[in-house]
Amino acid sequence: MSDHLKRRAAEAAAEAELKSGMRVGLGTGSTAKHFVDIVGERMRGGETFLCVPTSEATRRQAEGLGIPLTTLEAIGELDLTVDGADELDDALRLIKGGGAAHLREKMVAFASKRMIVIADQSKHVRMLGAFPLPVEVVPFAHPATARWIEAGFAQLGVAVTTRLRLAKDGDPLVTDNGNLIYDCLSAGFPEPEKAAGMLAAIPGVVEHGLFIGLCSAAYLASDQGVVVLAGRP
Ligand code: 5RP
């Protein structure tokens, strides 16, 4: 996705959704980064925001822009969260976690009155799963957890291979929460709700990247403009 489309999606969402005085969750990734920039620009224009970042990378960006930050535990509820996504379908079900931040992203989205996705049209898919589904697991006995994940999918009739995510140096990637990520490769998830329930029941799984019933609307940019998919209010 070209950078100008990411910026365009972020601008459209900010124009429609972001109001001065809001408590805002700041997403993670190369698209959400543009929204964080816009929050900084709007602050320099005199508006006020109080924000919760969804990752250490976003925290560093927001601090660099002088955006006032607080914690989820201190603030409790947020008015708005704007974040990217790896995939979304017509029902505004998402796959997130390509940036390994989906645990905090989901907690922040859950605490938000509205959770908005910004992305380009190519992330809008008929069925979730071409993008490998990230699952955050505790380090203890993680190969066993990976086998349970594969077995759980097999019981649902979905063939999945798990792949431990590696960092650039070749070591296992460690999340901001000190955990590991297994990416689930499949031909797609015809029933994401069943997959989400199965994953949530596996000991050792901290959080999976299926976001169901959390997204309020998606702003999808293409060269033809920005299309809005609306979901829950
Ligand atoms: C991070 C995420 C990101 O929102 C997702 O990976 C999309 O990132 P990008 O905007 O860089 O394509 O879920 O965990």
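Given the structure is predicted, the values throughout are model-derived calculations rather than measurements.

Engineer: Hey, could you run me through the pattern of salt bridges in this one?
Structural biologist: Where charged atoms from two side chains of opposite charge approach closely, those side chains can pair. Taken as a whole and assessed by the stated rule, the structure comprises 16 salt bridges. Here Lys 194 ties to Glu 191 by a salt bridge, and the two come within 3.3 Å at their closest N and O atoms. Given a relative accessible area of 47%, Lys 194 falls into the partly exposed group. Exposure remark for Glu 191: the relative accessible area of 43% places this residue in the partly exposed category. A single network of salt bridges, built from pairs that share partners, joins Arg 23, Glu 77, Asp 79 and Lys 113.

Engineer: When you look at the layout of surface pockets in this model, what are you seeing that I'm missing?
Structural biologist: Here the idea is plain: a probe the size of a water molecule rolls over the atoms and shows the empty space left. The calculated volume of the largest pocket comes to roughly 240 Å³. If you go around the largest pocket, you meet 16 residues; those closest to its centre are Thr 28, Gly 29, Ser 30, Asp 86 and Lys 123. Looking at the lining of the largest pocket, its residues break down into three nonpolar, eight polar and five charged. In this model, the second largest pocket occupies a volume close to 170 Å³. If you trace the second largest pocket, you find 13 residues lining it, with Val 52, Pro 53, Leu 72, Glu 73 and Arg 104 closest to the centre. At the level of elements, β2 (50-53), α3 (56-64), α4 (72-75) and α5 (102-110) are the ones that each hand at least two residues to the lining of the second largest pocket.

Engineer: Would you explain the nonpolar core in this entry?
Structural biologist: Note that soluble globular proteins tend to have their nonpolar side chains buried in a common cluster. In this structure, Leu 18, Val 24, Leu 26, Phe 35, Val 39 and Ile 118 are the most contacted members of the largest nonpolar core, which totals 25 residues. Listing elements by their share of this core, those giving two or more residues are α1 (3-17), β1 (23-26), α2 (32-44), β3 (78-83), β6 (112-120) and β12 (217-222). Here this core gets six residues from one element, more than from any other, and that element is α1. Setting aside chain neighbours within four positions, we find Val 39 in contact with Leu 18, Leu 26, Phe 49, Cys 51 and Ile 67.

Engineer: Quick question: what am I supposed to make of the environment of Glu 193 here?
Structural biologist: The topology assignment puts Glu 193 in helix α7 (residues 192-200). Expressed as a C-alpha distance, the spacing of Glu 193 and Ala 146, which sit 47 residues apart in the sequence, is 19 Å. Glu 193 has contacts with Arg 93 and Ile 212, leaving out every residue within four places of it along the chain.

Engineer: Is there a simple way to explain the side chain of Thr 58 in this structure?
Structural biologist: The topology assignment puts Thr 58 in helix α3. A polar side-chain atom of Thr 58 sits 2.9 Å from the main-chain carbonyl oxygen of Gly 27. Residues in contact with Thr 58, not counting those within four places in the same chain, are Leu 26, Gly 27, Thr 28, Val 36 and Pro 53.

Engineer: Could you clarify how one ought to interpret the site of the ligand in this entry?
Structural biologist: Taken together, 17 residues are adjacent to the ligand, and Ser 30, Thr 31, Asp 86, Gly 97 and Lys 123 come closest. In the environment of the ligand, an oxygen atom lies 3.3 Å from a nitrogen or oxygen atom belonging to the backbone of Gly 84. Here Lys 96 contributes a side-chain N or O atom positioned 2.9 Å from an oxygen atom of the ligand. Protein chains shield 89% of the accessible area of the ligand, which is 380 Å² for the free molecule. Given that more than half its atoms are within 2 Å of the pocket grid, the ligand belongs to the largest pocket. Class assignment of the residues belonging to the shell around the ligand gives a composition of three nonpolar, nine polar and five charged.

Engineer: Please clarify how the state of the cysteines should be interpreted in this entry.
Structural biologist: By definition, a disulfide links two cysteine residues through a covalent bond between their sulfur atoms. Inspection of every chain in the model, using the stated rule, returns zero disulfides. Here Cys 215 is not disulfide-linked; the sulfur of Cys 51 is the nearest cysteine sulfur, at 19 Å. Owing to a relative accessible area of 4%, Cys 215 belongs among the buried residues under this scheme.

Conventions adopted
- Residues numbered from 1 in each chain as written.
- Predicted model: local features only at pLDDT ≥ 70, side-chain atom pairs only at ≥ 80, totals over all residues.
- Heavy atoms only, no water.
- Salt bridge = Lys/Arg side-chain N within 4 Å of Asp/Glu carboxyl O.
- Buried < 20%, exposed > 50% of the residue type's maximum accessible area, 1.4 Å probe, protein only.
- 1 Å grid on protein atoms, 1.4 Å probe; cavity = no way out; pocket = protein on both sides within 12 Å on 5 of 7 lines; lining within 4 Å.
- Points joined across faces, edges and corners; volume = space filled by probe spheres on them.
- Nonpolar A, V, L, I, M, F, W, Y, C, P; charged D, E, K, R; others polar.
- Helix = DSSP H or I, 4+ residues; strand = E, 2+ residues; numbered from the N terminus.
- Core = buried A, V, L, I, M, F, W, Y, C linked by side-chain atoms within 4.5 Å.
- Contact = heavy atoms within 4.5 Å.
- Polar contact = N/O pair within 3.5 Å; in protein donor to acceptor, adjacent residues only side chain to side chain.
- Near = heavy atom within 4 Å.
- Areas by Shrake-Rupley, 256 points an atom, 1.4 Å probe, with all protein chains shown as cover.
- Sits in = over half its atoms within 2 Å of the grid points.
- Disulfide = S-S within 2.5 Å.

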